Number of protein chains: 4
Amino acid sequence: MKNTFGSAVALTIFGESHGPAVGAVLDGLAAGLPVDPAAVAAALDRRRARGDGLSTARREPDEVEFVSGVKDGHTTGTPLTFLIRNTDTRSGDYEKTAALLRPGHADYTAFAKYEGWQDAAGGGHFSGRLTAPAVAAGAVCEGVLAGLGIRVYTHIAQCAGIDDAPLDPLCEALPALLPGHFALIDPGREAEMQAAIRAAGAEGDSVGGILETAVTGLPAGVGEPWFDSVEGVLAHLMFAIPACKGVEFGAGFGFAGLRGSAANDPFVLKEGRIATAANRNGGVNGGIANGMPVLFRTVIKPTPSVYKEQATVNYAAKQPAKLRIRGRHDPCIVPRAAVVQNALTAFGILDLLTVRYGTPAQKHGLPKE
Amino acid sequence: MKNTFGSAVALTIFGESHGPAVGAVLDGLAAGLPVDPAAVAAALDRRRARGDGLSTARREPDEVEFVSGVKDGHTTGTPLTFLIRNTDTRSGDYEKTAALLRPGHADYTAFAKYEGWQDAAGGGHFSGRLTAPAVAAGAVCEGVLAGLGIRVYTHIAQCAGIDDAPLDPLCEALPALLPGHFALIDPGREAEMQAAIRAAGAEGDSVGGILETAVTGLPAGVGEPWFDSVEGVLAHLMFAIPACKGVEFGAGFGFAGLRGSAANDPFVLKEGRIATAANRNGGVNGGIANGMPVLFRTVIKPTPSVYKEQATVNYAAKQPAKLRIRGRHDPCIVPRAAVVQNALTAFGILDLLTVRYGTPAQKHGLPKE
Amino acid sequence: MKNTFGSAVALTIFGESHGPAVGAVLDGLAAGLPVDPAAVAAALDRRRARGDGLSTARREPDEVEFVSGVKDGHTTGTPLTFLIRNTDTRSGDYEKTAALLRPGHADYTAFAKYEGWQDAAGGGHFSGRLTAPAVAAGAVCEGVLAGLGIRVYTHIAQCAGIDDAPLDPLCEALPALLPGHFALIDPGREAEMQAAIRAAGAEGDSVGGILETAVTGLPAGVGEPWFDSVEGVLAHLMFAIPACKGVEFGAGFGFAGLRGSAANDPFVLKEGRIATAANRNGGVNGGIANGMPVLFRTVIKPTPSVYKEQATVNYAAKQPAKLRIRGRHDPCIVPRAAVVQNALTAFGILDLLTVRYGTPAQKHGLPKE
Amino acid sequence: MKNTFGSAVALTIFGESHGPAVGAVLDGLAAGLPVDPAAVAAALDRRRARGDGLSTARREPDEVEFVSGVKDGHTTGTPLTFLIRNTDTRSGDYEKTAALLRPGHADYTAFAKYEGWQDAAGGGHFSGRLTAPAVAAGAVCEGVLAGLGIRVYTHIAQCAGIDDAPLDPLCEALPALLPGHFALIDPGREAEMQAAIRAAGAEGDSVGGILETAVTGLPAGVGEPWFDSVEGVLAHLMFAIPACKGVEFGAGFGFAGLRGSAANDPFVLKEGRIATAANRNGGVNGGIANGMPVLFRTVIKPTPSVYKEQATVNYAAKQPAKLRIRGRHDPCIVPRAAVVQNALTAFGILDLLTVRYGTPAQKHGLPKE
């Protein structure tokens, strides 16, 4: 339903980049769950732009106002509402070029859909800024999952052509991620990756990358056959990340080059429990979690806002035109998208869990098998 | 919602592989739309197994019984129900090995979810057989879209390591596809592809591939920002295809290696209308159709039913075991999955269109821009 | 969503009165729940027409075919599909008068909505016949609720001007209902009620009535604030009963004449548990079950098919016309509607419970408070 | 879905009576629709408490902050968010009695559902205060409907035992309603009604009443058979009005005493269009609008907050207790509920229309028949 997603737990997002505020409503949490404002702030800080040549110079504190659903540091069981004021808005930068359709952006589709009534400044409703309240909501969900022994973990698998160290598909020990803006496993890759991003930025260009997420601790049996599979629900959500253009689970597109005998994950017993010896299926069989880590990767396209001159069309004049984008833009949003991906995954997993086990289980724990 | 999907047009699927029948309910069609049983039969025939060493030897006529919603060859506007009887069921083949979890299949997840009460024969509710009524429903949707000038087109981009000829991303002239089982652009690849599949089958193994779909004629402005994007809705649906493990739009995972200046599609005027000079974004910007062909690719993993001996676990005995699968299985389901992908895409596109323009527009046409 | 209802448990109904079959899909049941075909048959038998001057002479066995979701007498956890063949169809009776809009029926609204493409025979998709598969689905839900200690009970509170004995609002001991067609508490009212119905029928006229339902054993805390209240969900469902034109909970419209001091139900302790001394609020406060019996009443309008001559319009000729209905019609559908009301209530309550406690709780029981 | 309702247009409400703010998100409006802040303010003013012995002494300006979705006085097509700050909160009044369950209120059900974590002050999430942002959203919907020739009209049919003048069921000329707090047709009834309410209030008691709504101009064919009928959707919404305990359409419970020949509305031609000579069916046949005014009535129970001493239970001590409610409470919320009813009806009708005709039709008009 348009700007609301979820079956048992629902997330609604609203706002425009240069309107009064952006926000989100998270509905369907049990009552009495701890809400840690510091964890929310930390997630938002990780998502925040730096103005360091890697991400946009727009700087806003991203202070979350909890409007409803929290009391004395715990959920009340009613909708949690997050509001983040827009303080650093400079519409002037945008209005000059409003009729010049920016390639790769939603400018033209906004015209097609909203017939010129959209709030175009800063991308309006399509701005990545709307991911901030979604990240806040996801951070709360991550806290709830942590209480159930479930962890969501996202690293930058590749960015600007530089790979991170690979993730063990069995996730036997999830390596710590670098603190700060770059969620990397290997500290040795950060400088190289930053240099590659800066190099593209220096040329007025931008780069993309690949994000990889693991969800550990999810019990087997979660997810539904056919439509509301773990894969279908998570993929649906991942495409809400601006610039996400692909999602693959486990071996993903690599399956096209495998034979079945090499693609299957043999079942084994591990401490008396059923597990798989490999995890090429990304923790999902028949759409349903099999108890192994859920593993998926997304591709994030390069930021469409490049400073090089581009050919385009003036929508008002219906004339060909040349566009040179100004304003403040990230040469790479992959590190920031990692935080959004982790947050939306946490939300999606909590929804799937709640569909199966009901709301009070969020607080009182999942049934023992 | 579990086995129902869609907002304005909804598809519900039901049945078990070896139960009395499989079926689907398609709700939300306008009244008075032609229903062509021959087109439905042709789609089912394309999806049907051949018993030719390429697909399973199970042979069933797949005759669709229209239970409701059709009268005198037209929709009545009420739910269309499709029923396909299961006639060639041989449970015996399966029961012997029911406790031996087949790697790569939903056997274990079915136990985890249904606690042993599932109808396991032939994969039960997880069987690819349930895609037959979905294909019938999709074939009806394809007919409705055709009446609106919208075409859905799926070819086997790669199978068993053999590539089809590439598809022009602008789809200026969609090439005819081979008739029969292999939806290929290039007739010269069929024999090679079949040989490669047969070779894997002869070794008791299986292969996967990549399917590519184009949707032409979709008006700009269809789709919703954030959650119900064209990409999110279609990806959600694609993961309902058994063995689909990834979806990418436009340049997809290739975006990770592109710079923004090469990833953006410049806007141009074509016969007075706004278009893009390239189509690396797969016809979608900001989640919303931009009027160019919607382009996406999925990966279909190799059939998990391989005849080679596999290590597994006996679920009942909770003991390691060796499994040698018998029964009837496809060494490759990619050609059959192509039909399912086309059908589910047609359904998803019709839903997105109807969300925007309402039900009567299915019959009376979309508003002129 | 049109012909599907429910959040965690979903019911889809399909079919036309004179098409091949009517049916329903019930999705969201846990696996391993007993399905008692005799209980389903008994519910259908109670709903069935008698041809006794009280209900239509159309006689069909209403044999339910279980198409999916059941194995060895238990649910498999996948969608349950019910099919009931239409065997006694005589379209001829209807076609003569198809263009004459029957007052009080959906003839005109069907034209407005389906533009003449509807299957009009016997009321088509609007026929009360579609309640048969819904009754079958509800009978299964009643069985599930019984396993959880929850009982749904519906009696004919009033019909043809004759009242049944009143129901104790605390439902301390639910009196047995008459077997057969008339769900009455007081055996002494049956003859009188039948006589009053027959008298109206003899004059070519029809009568309506009031149905009262109690749900006992529902734990406090079920239901959601604001939109998905127990009252909102049940009322929504009740209006799916053909001819239902009103729903009231507890004292209902009688509240308009009460003062607050007389309308409130004082809280008391009963065997250490919180209860209310009266039940004027019908077991619901703030939309949420309070642990007392849920009590509501619906009004069922008189069957619109009366044999007296009526003024109407010929839709095709757009001319005033006189209509004298023929065919087979009940002078009173109240006793049959009681079965539908009980079934839909059971379904709605099971949905509300499952939203709160998850699917496996249907089988393994609700958490202890 | 819990605190979100609607198919094509969705309303989400959030907040607690004594939290920072209450609010609503209205999603699914077309772009370019005028938003009149004065009309929103007027609706809120009508809903506002007066402190005049008729409604609570709590006085808040109810100033709506438009957080998103509006620009230059028009909708942008993205979610509209309304925020109303809570300024006059005095939790002290409530905390003393928090453990004493107020009869007729949601205190006990909140404990049952939220296990003590609810924000109980002032009724928390169950407070009538949450209807303020819903009224703001509904006022915007009323404006949209007005642009389509559809009017929603609600009067106080009965309050404190005093009847308003009856409404013509054909609504040929909708009489003006009294300005101010009492939406009455007959100016002569206001003083009497106010006196009766004050009399109850003077005794520390409260009164209820009946609200009647008419929707004129709704085209025939809107609404869905079975579950998403006009009646089902509107009834579902009406039970979101705090204290609503019943809904009836047309003759409603009066149908129980009518014969079919008197209950049917004969079809007639009026200026070449099909109409009905009477409107006992309240503008709905088979769940679908027939083009006549949609007519329904709700019952609003007396405010449960009475000042008389009541028997109850101390939840914490699990002991019988006596309760004497303090704080600020309306002896009658019927006049305020009228505004909420009108607003939710406008929202529901706009949703039903948009399901049928799509979003752009909200701005560009409904198709001509």
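Residues numbered from 1 in each chain as written. Chains lettered and ligands numbered in written order. Predicted model: local features only at pLDDT ≥ 70, side-chain atom pairs only at ≥ 80, totals over all residues. Heavy atoms only, no water.

Further remarks concern the relation of the copies chain C and chain D. The two copies are related by a screw motion: chain C maps onto chain D through a turn of 180° and a shift of 0.0 Å along the axis, at an RMSD of 0.0 Å. What we have between these two chains is a two-fold relation. Both copies present the same face, since 100% of the interface residues in chain C are matched by interface residues at the equivalent positions in chain D. (Least-squares fit on C-alpha atoms with pLDDT ≥ 70 in both. Contact = heavy atoms within 4.5 Å.)

All right, on to the pattern of salt bridges then. Under the counting rule described, the total for this entry stands at 63 salt bridges over all chains. Residues A:Asp205 and A:Lys308 are paired through a salt bridge, measuring 3.4 Å at the closest nitrogen-oxygen approach. Residue A:Asp205 is found in the loop between helix H5 (190-202) and strand S10 (209-216), and its partner A:Lys308 is found in the loop between strand S16 (294-300) and strand S17 (310-314); the two are separated by 103 residues along the sequence. A:Asp205 sits in the buried class, given a relative accessible area of 3%. With a closest N to O distance of 3.5 Å, C:Arg280 and C:Asp265 form a salt bridge. With C:Arg280 in the loop between strand S13 (273-276) and strand S14 (284-285) and C:Asp265 in the loop between helix H7 (260-263) and strand S12 (267-270), this pair connects stretches of sequence that are 15 residues apart. The class of C:Asp265 is buried, set by a relative accessible area of 3%. Several salt bridges share partner residues, and in doing so they unite A:Glu65, A:Arg85, D:Glu65 and D:Arg85 into one network. (Salt bridge = Lys/Arg side-chain N within 4 Å of Asp/Glu carboxyl O. Helix = DSSP H or I, 4+ residues; strand = E, 2+ residues; numbered from the N terminus. Buried < 20%, exposed > 50% of the residue type's maximum accessible area, 1.4 Å probe, protein only.)

Attention now moves to the interface of chain B and chain A. One frequently used descriptor of interface size is the decrease in accessible area upon assembly of the parts. The partner chain A presents 99 residues to the 99 residues of chain B that form the contact. Around 8100 Å² of area is buried between chain B and chain A when both sides are counted, 63% of it from carbon and sulfur atoms. Where chain B packs against chain A, one counts eight salt bridges. Between B:Lys2 and A:Glu224 there is a salt bridge, with the nearest N and O atoms lying 3.5 Å from each other. Residues of the side of chain B that touches chain A, tallied by class, amount to 51 nonpolar, 31 polar and 17 charged. Note: strand S11 (residues 244-249) of chain A against strand S11 (residues 244-249) of chain B, three bridges, orientation antiparallel. From the neighbouring strand, A:Val247 faces S11(B), where its bridge partner is B:Val247. (Buried area = accessible area lost by both parts, 1.4 Å probe. Nonpolar A, V, L, I, M, F, W, Y, C, P; charged D, E, K, R; others polar. Pairing = 2+ DSSP bridges.)

This paragraph deals with the environment of A:Glu142. Residues and elements named next belong to chain A. Mapped onto the elements of the fold, Glu142 is located in helix H4 (residues 131-147). Put simply, Glu142 and Ile349 are 207 residues apart on the chain and 9.4 Å apart in space, counted from C-alpha to C-alpha. Not counting residues up to four positions away in its chain, the partners in contact with Glu142 are Asn342, Ala343 and Ala346.

Listed per partner, the contact involves 99 residues of chain C and 99 residues of chain D. Counting each side, the surface lost to burial between chain C and chain D is near 8100 Å², with a carbon and sulfur contribution of 63%. Where chain C packs against chain D, one counts eight salt bridges. Counting the contacts that link chain C with chain D gives 41 residue pairs in polar contact (both at pLDDT 80 or more). (Polar contact = N/O pair within 3.5 Å; in protein donor to acceptor, adjacent residues only side chain to side chain.)

To continue, consider unusual backbone geometry. The backbone of A:Glu115 shows a phi angle near 60°, a positive value even though the residue is not glycine. Within the element layout of this structure, A:Glu115 appears in the loop between helix H3 (107-114) and H4. Under the relative-accessibility criterion, A:Glu115 is labelled partly exposed at 36%. Despite not being glycine, B:Trp226 has its phi angle at roughly 60°, a positive value. Positionally, B:Trp226 belongs in the loop between strand S10 (209-216) and helix H6 (230-238). The class for B:Trp226 is buried, based on a relative accessible area of 7%.

On to helix H4 (residues 131-147) of chain C, then. All names here are of chain C. Its 17 residues give H4 an end-to-end C-alpha distance of 24 Å, which sits within 8% of 24 Å, the value for a rise of 1.5 Å per residue. For H4, the buried fraction is high: 13 of the 17 residues fall into the buried class. Two residues or fewer past H4, Gly149 is found with a positive phi of approximately 80°. (Expected span 1.5 Å × (residues − 1).)

Hydrogen bonding along the main chain pairs the strands of a sheet, whether they run parallel or antiparallel. All names here are of chain A. Spatial strand order, S1-S2-S3-S7-S4: five strands in an open sheet with antiparallel pairing. Each of the sheet's edge strands pairs with one partner strand only, and the pair in question is strand S1 (4-5) and strand S4 (64-68). Pairing of S4 with strand S7 (residues 80-85) involves four bridges; the strand directions are antiparallel. Of the residues in S7, the one forming a bridge with Val64 is Ile84.

Let's shift gears to the relation of the copies chain B and chain A. The transform that puts chain B on chain A rotates by 180° and translates by 0.0 Å along the axis, for an RMSD of 0.0 Å. A shared interface surface links the copies, since 100% of the contact residues of chain B are contact residues in chain A too.

Once that is clear, we can look at the confidence of the model for chain A. For any part of a model where pLDDT is low, the fine detail of the predicted coordinates should not be relied upon. Averaged over every residue, the pLDDT of chain A is 93; the share at 70 or more is 95%. Two numbers describe this predicted complex: its pTM, 0.97, and its ipTM, 0.96. (pLDDT = per-residue confidence, 0-100.)

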